[in-house]
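A closer look at the structure
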Amino acid sequence: ATRQEEGSSLPELDVAFRVLVDNIGLNWRTLAPELGITPSQIGWVTRQCGGNVMKEVFQCLCTWKETFSERATVQELVRALHRTKVRLLSRMADEIVKKCP
């Protein structure tokens with residue numbers, strides 16, 4: 001049962017990533033600091049992706065997941081989206097919660 005519980009968070013995080021990659025656009029730069037992504041990491045992501053915003057979003061989320069590993073959860077992502085106080089991002093948080101009960 002423990003192995004199944006551990007594995008269950010990964011597909012949920014993938015669903016959450018998909019929602020954000022498809023919808024967040026340049027707002028990822030507002031979300032990134034709330035996730036604990038540093039300015040230098042944001043700069044690195046921007047340089048790596050050559051202006052492709054969807055790649056930037058995905059790379060930012062992957063950087064967060066790699067940096068914070070077990071603390072990189074759907075719940076923390078939803079909290080960070082709400083902390084931005086950007087209405088669009090709060091709506092995305094609500095959509096993620098619906099898709100990842």
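Before any of the text, the structure's been laid out above.
So, here is what we can say about the structure in this document. (Residues numbered from 1 in each chain as written. Predicted model: local features only at pLDDT ≥ 70, side-chain atom pairs only at ≥ 80, totals over all residues. Heavy atoms only, no water.)

The next thing to look at is the side chain of Thr63. Within the secondary structure layout, Thr63 lies in helix α4 (residues 53-68). Only 2.8 Å separates the side chain of Thr63 from the backbone oxygen of Gln59, close enough to count as a polar contact. When neighbours within four sequence positions are excluded, Thr63 is seen to be in contact with Ile37, Gln41, Trp44 and Val45. (Helix = DSSP H or I, 4+ residues; strand = E, 2+ residues; numbered from the N terminus. Polar contact = N/O pair within 3.5 Å; in protein donor to acceptor, adjacent residues only side chain to side chain. Contact = heavy atoms within 4.5 Å.)

Looking now at the side chain of Glu56. Looking at the secondary structure, you find Glu56 in helix α4. Here Arg29 takes part through its side chain, which lies 3.4 Å from a polar atom of the side chain of Glu56.

Moving on to the pattern of salt bridges. Inspection of every chain in the model, using the stated rule, returns five salt bridges. The partner of Glu76 in a salt bridge is Arg83, with the nearest N and O atoms 3.0 Å apart. Note on Arg83: relative accessible area 35%, which makes it partly exposed. Members of the salt-bridge network, linked through shared partners, are Glu34, Glu76, Arg79 and Arg83. (Salt bridge = Lys/Arg side-chain N within 4 Å of Asp/Glu carboxyl O. Buried < 20%, exposed > 50% of the residue type's maximum accessible area, 1.4 Å probe, protein only.)

Moving on, we come to the packing of helix α3 (residues 39-49) against α4. When two helices pack together, their arrangement is given by the angle between their axes and by how far apart the axes lie. Two elements in contact, α3 and α4, have axes whose closest approach is 9 Å; the angle formed by their N-to-C orientations is 135°. One way to sum up the angle between α3 and α4 is to call them oblique. Regarding α3 and α4, the two cross each other, and that crossing is right-handed. In contact with Gln41, Trp44, Val45, Thr46 and Cys49 of α3, α4 contributes Lys55, Glu56, Gln59, Cys60, Thr63 and Thr67. Across the contact of α3 with α4, the residue classes break down as four nonpolar, five polar and two charged. (Axes fitted to C-alpha atoms, helices over the stretch in contact; angles between N-to-C directions. Parallel < 35°, antiparallel > 145°, perpendicular 65-115°, else oblique. Left-handed = near helix turned anticlockwise from the far one by under 90°. Nonpolar A, V, L, I, M, F, W, Y, C, P; charged D, E, K, R; others polar.)

Moving on: α4. The end-to-end C-alpha separation of α4 is 22 Å, in line with the 22 Å expected for 16 residues at 1.5 Å each. Where α4 is concerned, the buried positions are Glu56, Val57, Cys60, Leu61, Cys62, Thr63, Trp64 and Phe68. Its side-chain oxygen at 3.1 Å from the backbone nitrogen of Met54, Asn52 defines the N-terminal cap of α4. Ser69 sits one or two residues past α4 and shows a positive phi near 30°. (Expected span 1.5 Å × (residues − 1).)

The subject of this paragraph is the nonpolar core. Counting 31 residues, the largest nonpolar core has Leu20, Trp64, Leu77 and Ile96 as its most contacted members. For this core, the secondary-structure elements that each account for two or more residues are α1 (2-23), α2 (28-34), α3, α4, α5 (74-83) and α6 (87-99). Element by element, the count of residues in this core is highest for α1, at six residues. (Core = buried A, V, L, I, M, F, W, Y, C linked by side-chain atoms within 4.5 Å.)

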